[in-house]
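# A closer look at the structure
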Amino acid sequence: MPDVMVQISDQSAPPSPVHPSVPTSADVARLAGVSRATVSYVLNNTSAVRISEPTRRRVHEAAKELGYVPHAAARSLRAGHSRMVLMPAPHVPVGPLYSRFFDELQWSLSRLDYTVVQYGGAGLHGDEAARAWAELRPVAVVVPGDGLGPKGVAVLKRSGARAVVTMGPEHVEGAHALVMDHTEVGRAAGAHLVERGRRRIGVVVPRERGLGVFSRPRLAGVRLAVRGTDATVTELPLAYEEEAAAVLAASWRSLRLDAVFAYNDEYAMLLMRALQDEGVRVPAETALVGADDLVLGRLLRPRLSTVHLRLPAGRDLAELVDRVVRDPAGVPETHEVLGSRVVHRESS
């Protein structure tokens, strides 16, 4: 078999793409015609140095044109701490009211030059969760709900967290606290129904896991409101499902209730629809009250009576976090922040 010669063309491999160099603050300074120190002052929102608005605008435009972003790790080294505020994701379903509050809080913290990170570690609770949060070395932790104890607060502080703020039913030793007492929500709803002449009051208690931290105090608040009267309170476990509401509504007349506090507006709307499907007249046979004062409740017929909740402003909590980060040695503050008032509409 004759030899076969194969000629391989002498084509060099295509050159590898050249990655553009990462822009630096020096590049921004050259393009904006200012010093690197000025770039640092502007992009770090330093308030100690006065810089004119036209200069600030030039620096921001130059940074945008070059695609420059500050180096978080370097900035943390200069400051002596990170700018990360960690917010553990709530372990319970939160409605539109709390979602708006958290959105405002995150926006307000970002305006103060903090990076907000939401931590979604499912299955972690208490001190175990605190150790997981501490691994990220946040400068502050804002904890919604309950579960964090004094040991967890100590773990976070030892890891460098300057501010630990809890938002729950009670104060936690070592942490700043926004105390939200949901007993008053139930008391307001119960008092309203008693004043309207109702005497056999049902209280919806959601079956969804984790909501007991809100529903149990609300139930206790209704019981507190009827104390000293001839009114009675009946606990009504209910899952947030059409089928479950239909089953409860089918037995409604046998319960002989003339009023119901339905935990919140969402459960109230679910139950109202089921009662109407069963021919139960609201409010003629059963008065109904929700909580949260959602817009959808005003669109129902009859319009939904509700308990309007006054949550703290997100910007106020952001300013508390910033103040504690700047002065971590202060005495922990406790603020009672959950206000409530009944909005009387057609359903009651």
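Residues numbered from 1 in each chain as written. Predicted model: local features only at pLDDT ≥ 70, side-chain atom pairs only at ≥ 80, totals over all residues. Heavy atoms only, no water.

## Some details on the nonpolar core
As a rule of thumb, soluble globular proteins bury nonpolar side chains together. Of all hydrophobic cores here, the largest spans 44 residues; its most connected members are Val142, Met167, Phe261, Leu317 and Val321. Contacts of Val321, omitting those with residues within four sequence positions, involve Val85, Leu109, Ala140, Val142, Ala163 and Val165. (Core = buried A, V, L, I, M, F, W, Y, C linked by side-chain atoms within 4.5 Å. Buried < 20%, exposed > 50% of the residue type's maximum accessible area, 1.4 Å probe, protein only. Contact = heavy atoms within 4.5 Å.)

## What to know about helix 5 (residues 96–111)
End to end, helix 5 covers 23 Å across 16 residues, agreeing with the expected 22 Å (1.5 Å per residue, within 8%). Among the residues of helix 5, those classed as buried are Leu97, Tyr98, Phe101, Phe102, Leu105, Ser108 and Leu109. Projected onto a plane normal to the axis of helix 5, the buried residues spread over an arc of 130 degrees and lie on a single side. The outward face of helix 5, more than 90 degrees from its buried face, is lined by the exposed residues Asp103, Trp107 and Arg111. With its phi angle positive at about 75 degrees, Asp113 sits one or two positions after the end of helix 5. (Helix = DSSP H or I, 4+ residues; strand = E, 2+ residues; numbered from the N terminus. Expected span 1.5 Å × (residues − 1). Arc of directions from axis to C-beta.)

## As for the packing of helix 6 (residues 126–134) against helix 7 (residues 150–158)
Helix 7 packs onto helix 6 with a crossing angle of 10 degrees between their chain directions and a minimal axis gap of 8 Å. Our classification of the angle between helix 6 and helix 7 gives roughly parallel. Residues Asp127, Ala130, Arg131, Trp133 and Ala134 of helix 6 pack against Lys151, Gly152, Val155 and Leu156 of helix 7. A breakdown of the residues in the contact of helix 6 with helix 7 according to their chemical character gives 5 nonpolar, 1 polar and 3 charged. (Axes fitted to C-alpha atoms, helices over the stretch in contact; angles between N-to-C directions. Parallel < 35°, antiparallel > 145°, perpendicular 65-115°, else oblique. Nonpolar A, V, L, I, M, F, W, Y, C, P; charged D, E, K, R; others polar.)

## So, the sheet that holds strand 2 (residues 115–119)
To summarise the sheet geometry, strands pair through backbone hydrogen bonds and adopt either a parallel or an antiparallel arrangement. Spatial strand order, 2-1-3-4-5-11: 6 strands in an open sheet with parallel pairing. Across the chains shown, the open sheet's two edge strands, defined by having one partner strand only, are strand 2 and strand 11 (334–336). Within this sheet the neighbouring strands show an average axis-to-axis angle of 15 degrees, counted without direction. Along the sheet face, helix 14 (residues 314–326) touches strand 1 (84–88), strand 3 (140–144), strand 4 (163–168) and strand 5 (176–179) and points at about 150 degrees away from the line of strand 4. (Pairing = 2+ DSSP bridges.)

## A short note on a nonpolar patch on the surface
Among the surface-exposed residues, Val295, Leu296 and Leu299 lie close enough to one another that they form a single nonpolar patch of about 310 Å² accessible area. As for its position among the elements, Leu299 is in helix 13 (residues 295–299). On the basis of relative accessibility, which here comes to 57%, the residue Leu299 falls in the exposed class. (Patch = residues over 30% accessible without salt bridge, like charges linked within 9 Å, V, L, I, M, F, W, Y side chains within 5 Å. Areas by Shrake-Rupley, 256 points an atom, 1.4 Å probe, with all protein chains shown as cover. Salt bridge = Lys/Arg side-chain N within 4 Å of Asp/Glu carboxyl O.)

## Considering the side chain of Ser159
When you line up the elements, Ser159 lands in the loop between helix 7 and strand 4. There is a polar contact of 2.7 Å between the side chain of Ser159 and the backbone oxygen of Leu156. Among residues more than four places away in sequence, those in contact with Ser159 are Ala134 and Arg137. (Polar contact = N/O pair within 3.5 Å; in protein donor to acceptor, adjacent residues only side chain to side chain.)

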